[in-house]
Structures are given as structure tokens and as C-alpha cells.
Amino acid sequence: MSKTRTVVEILNSSLAKIAEIKNLYPINNQGMILRYSKELSDYGQCIFRVSTKDPVLTQFGDILKPHAYHVRIKRGSETMWQGAIVDNTERNRNYIEVRAVEYLFYLDKVLIRRDADKPDTDEDESNFRVFSTGTMAAAVTTIVNNAKDDLGTAHTLSGMTVGTIENPDYPKNFTDGSTPPRPLTGAWSFSADVTLQYDYHSALFLIKNFGNYTNADFELTNSLVFNFKKRIGNRVTGITFSYNTVGGNIIDYNVPRFGMRMSNEIVGIAADDEGKILHATQRNSTSVQTNGLLQTAKAFNDVKSKNPLEVRLTEELRLISDPEESPINIVLNEKAYPLGQYGLGDIIWIRIKDHIIDFQKERRIIGMTVTLHNTGRELVTIQTNIPPQDMLGAV
């Protein structure tokens, strides 16, 4: 049975195919000719090289110009990756190196609209965008549509549409500003007690920030449909990636322990609209008992009330309070489950038993990188992180 061929296509500004790159130039000394990645709630990247004297450039001209042309990677009839060319990092007598990025990149190149000045105040509201009313879903929809309009009708993202926009829930232990505090549950809604403020930031920065507060995920599909969801991915049953076992499908791995970045007590600092200093502290007592006290302090200029400040600290502490919970990377062999049976956001099992290294945990897929060899062999690298606790409930 023949292997499905991977094809690199160059597209014009209308995303119509111009040409196929049939002779990819090696990107390293190991014979790799293509590498592309996809990231959860972020844009992936792609790199390949074309011979400076490749006939396709003679026939079609300079079709590798940044922001003028695009890349589509197909395996058979399926589109695996698509994005805009942004760099020719090298152009020499041997080859032109092309770097492309997925289209979420462009949401990082358009600033949010700020509020209009109010004539009856001394404040300069036009320096800020304040979110103090409405749902998060409505705010995300407005941010995306404003970005699309500001980029203009000639831009690639003029074809972007808004798809599924879910309103995330308040995080666990979220409270209002009363004394004693009352719990806030259900769908996120901005208010005087739940306020966020931003200045000269990009649309992508804000959407990522909203995701940080609520553990929500987002994507811009190859069809330019923007989705913002409570969760992307599932807790997948029956899929285990293993090393050093019968039927193992991992050929290499990296299970680091990052202790230098560790903190098990974080003090967060912010200021409300009147300049009053807000502070909150989050501590992982188990980590303090095991590793000793490791403190740090962080300032947040977007936070204008204590609730969001505590949420940010809780999420950061989850990722840095235990060296055993560092990001884990695995490289798969041809025996592994094919792409499509798992995806970004999914939770899978990783089992590594290699002498002193014994790692057996569920992890969430936050990135995937595919590298193609000139023999046609593909290597898939999966980047993982700690799953959010609410994804580890019932399967």
C-alpha cells in the first residue's frame, strides 16, 4: 500500500493555488525538507526551502514574497496546514528559506479599539478599553469583528467569519466584591466587580487573556472560521503513547523538571480605576512542604478588580508549582496512532519507563509538529501540558 504523499502548494492572495513545490531543498543535514506546527489557542508555523534556481520560480516568478503569497500543505485530499508567508529568512545562491504562519498571527498585528473620551471627565479614556458590562462571548465577538473591519477588505482576514462563540463560566472559587464575599457561578459576565482594562494591545493578546481567565480555547480554522469555546478537545479513551514497552510508539522523549522557574507562592499586584493598589496571594501548601518556600510577585496592568487577579494567580501557580509537571514532549514512530485520531486540546496517556525515568500520567496536547524527511518518512512531535482539573472528570 503506497503512502499518502505530502504536497506543498503556493497560493495567491485569494487563496487560490498557483503552483506546487515539487523539489523541496533540505532544511538541515539530516535530510528533513519540511516542518510545520499547530498550537492550541495560538498560531503554528511552517518552514521549508526552495532552490533559488527551481523551475517553478522561473515559470511563476517571485511567488515567495512575504504577506503576498500563502502556503497550503496537503496530505492526499486533506489540508493539514495553511498560512501566510511572512519571512524569507535566507535568500542565497543555493536556496530561499520560507517561513509561514497560521492566520491567527494577523490578529496579533491589529490593535484593539479603545474607548471614546468622555467630555465630562478629566480622564483620557481613549487610551484604554474597559470591559465592565456584558458577557465575555459578546466581548470576543466584538473584538474579532472590529479586527476584521480594521484590517480592511483587501486583507486575507476579510474572509474571516465568526463561528461558535461560547460564553465560558466563572472559574472555581470566583466571588464578588462584597463582605463577606459571595460566590459567582455560571456564565461569565463583566460587572463593577469583574472588570478588565487594556491599553494598546493586539486583538490576539486580549483573546488569549480572556482564555487565561476562564481556561477557554480558541482557533481560526483553515476556512477562516473563528471559534471560541469553553474547551477544545476531549479526554480520549484508548489512546496511549508509550516508550520501552511492547508495541511502544515513542522513539524519543523529553521529560524535564524545571525547578528554576518554580514558585509555590505568588503575590499578585494590580490597581483599580482609582489607582488603589490591589493585591492577592495564592499558595500551593503541598509544594511548600515538599520543596520549601519559593515566592515571586507579578504585576497585572489589565486587572481592575480582585477577582480576576486571583484567577490569574491560580492558573499560573498550577503550571509552575511542581517541577514534575513541566511541559512534556514526545516523538512518535510509524506505529503510533495517525494524525486525526487525536488533536489539539485532547487528553491522552503517556507512559515512559526508562530506567530511573518513570512517567505515567494523562497530559493535554497543546502543540503538534510534523517534520518530513526526503524519503517521505514523517516524524510527529507532540507537546503536552498539565490538563485542567475540570477536564479530568467523567470520561
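Values in this document were obtained by computation on a predicted structure and should not be read as measured data.

**Student:** Go over the pairing of strand β6 (residues 70-75) with me, naming the residues and quoting the values.
**Tutor:** Among the six residues of β6, six are classified as buried, and the element is accordingly described as predominantly covered. Neither face of β6 is exposed, since His70, Arg72 and Lys74 on one face and Val71, Ile73 and Arg75 on the opposite face are all buried. Bridging between strand β1 (residues 6-11) and β6 involves six bridges; their strand directions are antiparallel. Across the sheet, valine 8 pairs through a bridge with isoleucine 73, a residue of β6. In the sheet, β6 pairs with strand β7 (residues 78-91) via six bridges, with the strands oriented antiparallel. Along β7, the bridge assignment pairs histidine 70 with alanine 84. A loop of two residues connects β6 with β7, the two strands running antiparallel in sequence, and glycine 76 in this loop sits at a positive phi of about 65°.

**Student:** Describe the pairing of strand β5 (residues 45-51), listing the residues and the values that go with them.
**Tutor:** The side chains of a regular strand alternate between both faces of the sheet. Extensive coverage of β5 is indicated by the burial of five of its seven residues. In terms of strand pairing, strand β3 (residues 24-25) meets β5 through two bridges, oriented antiparallel. Each residue of the ladder has a partner; that of leucine 24, found in β5, is valine 50. Two strands pair when backbone bridges link them, and strand β4 (residues 32-39) and β5 are joined in this way by three bridges, in the antiparallel orientation. In the strand pairing of β5, leucine 34 is matched with phenylalanine 48.

**Student:** I'd like a description of the sheet that holds strand β13 (residues 225-229), backed by residues and values.
**Tutor:** Across the sheet, three strands lie side by side as β10-β13-β12; this open sheet has mixed pairing. What marks the edges here is a single partner per strand, and that holds for β10 (161-165) and β12 (217-220). Going from strand to strand, the sheet's axes swing by 15° on average, the running direction of each strand aside. In the sheet, β12 pairs with β13 via four bridges, with the strands oriented antiparallel. Pairing of phenylalanine 218 across the sheet is with phenylalanine 228, part of β13. Those strands touched by helix α2 (residues 136-151) are β10 and β13, and its axis lies near 165° from that of β10.

**Student:** Before we move on, can you summarise the side chain of arginine 364 with the specific residues and values?
**Tutor:** Mapped onto the elements of the fold, arginine 364 is located in strand β21 (residues 357-373). For arginine 364, the side chain forms a polar contact with the side chain of aspartate 217, separated by 2.6 Å.

**Student:** Give me the lowdown on the pattern of salt bridges, citing residues and values where you can.
**Tutor:** Within the structure shown, the criterion is met by 22 salt bridges. Two residues, glutamate 9 and arginine 72, come together in a salt bridge whose shortest N-O distance is 2.8 Å. Of this pair, glutamate 9 sits in strand β1 while arginine 72 sits in strand β6; the two residues are 63 residues apart in sequence, bridging distant segments of the chain. In this structure arginine 72 comes out as buried when scored by relative accessible area, which is 16%.

**Student:** So what's going on with the packing of α2 against helix α3 (residues 203-214)? Residues and values would help.
**Tutor:** For any two helices packed against each other, the geometry is given by the interaxial angle and the distance between the axes. α3 packs onto α2 with a crossing angle of 165° between their chain directions and a minimal axis gap of 10 Å. Here α3 runs roughly antiparallel to α2, going by the angle between their axes. Handedness of the crossing formed by α2 with α3: left-handed. The segment α2 lies against α3, with Met136, Ala139, Val140, Ile143, Val144 and Ala147 engaging Ala203, Leu206, Ile207, Phe210 and Thr214. In terms of residue class, the contact of α2 with α3 is built from 10 nonpolar, one polar and no charged.

Thresholds, definitions, all that
By convention here, each chain's residues receive numbers from 1 onward along its written sequence. It should be noted that, the model being predicted, local features are given only for residues of pLDDT at least 70 and side-chain atom pairs only at 80 or more, the latter also being counted only at that level, while totals for whole chains, interfaces and linings use all residues. Computation of side-chain values covers all heavy atoms of the structure but excludes hydrogens and water. Three labels apply to residues, based on accessible area from a 1.4 Å probe with only protein chains included: buried if under 20% of the type maximum, exposed if over 50%, partly exposed otherwise in between. In DSSP terms, a helix is any run of H or I states spanning at least four residues, a strand is any run of E spanning at least two, and both are numbered starting from the N terminus. When DSSP locates at least two bridges between a pair of strands, those strands are taken to pair. Fitting a line to C-alpha atoms yields each axis, with helices limited to the stretch in contact; the angle taken between N-to-C directions then spans 0 to 180 degrees. We call two residues in contact when some of their heavy atoms are within 4.5 Å. Distance and chemistry together define a polar contact, namely a pair of N or O atoms within 3.5 Å, with one atom able to donate a hydrogen and the other to accept it when in protein, and with adjacent residues in sequence counting only for side-chain atoms on both sides. Every case where a carboxyl oxygen of Asp or Glu lies within 4 Å of a side-chain nitrogen of Lys or Arg is listed as a salt bridge. Angle categories are assigned with fixed cut-offs, so that under 35 degrees is roughly parallel, over 145 is roughly antiparallel, 65 to 115 is roughly perpendicular, and the rest are oblique. The hand of a helix crossing depends on one turn: near helix anticlockwise from the far one by less than a right angle means left-handed, and clockwise means right-handed. Gly falls in the polar group here, along with every residue not listed as nonpolar (Ala, Val, Leu, Ile, Met, Phe, Trp, Tyr, Cys, Pro) or charged (Asp, Glu, Lys, Arg).

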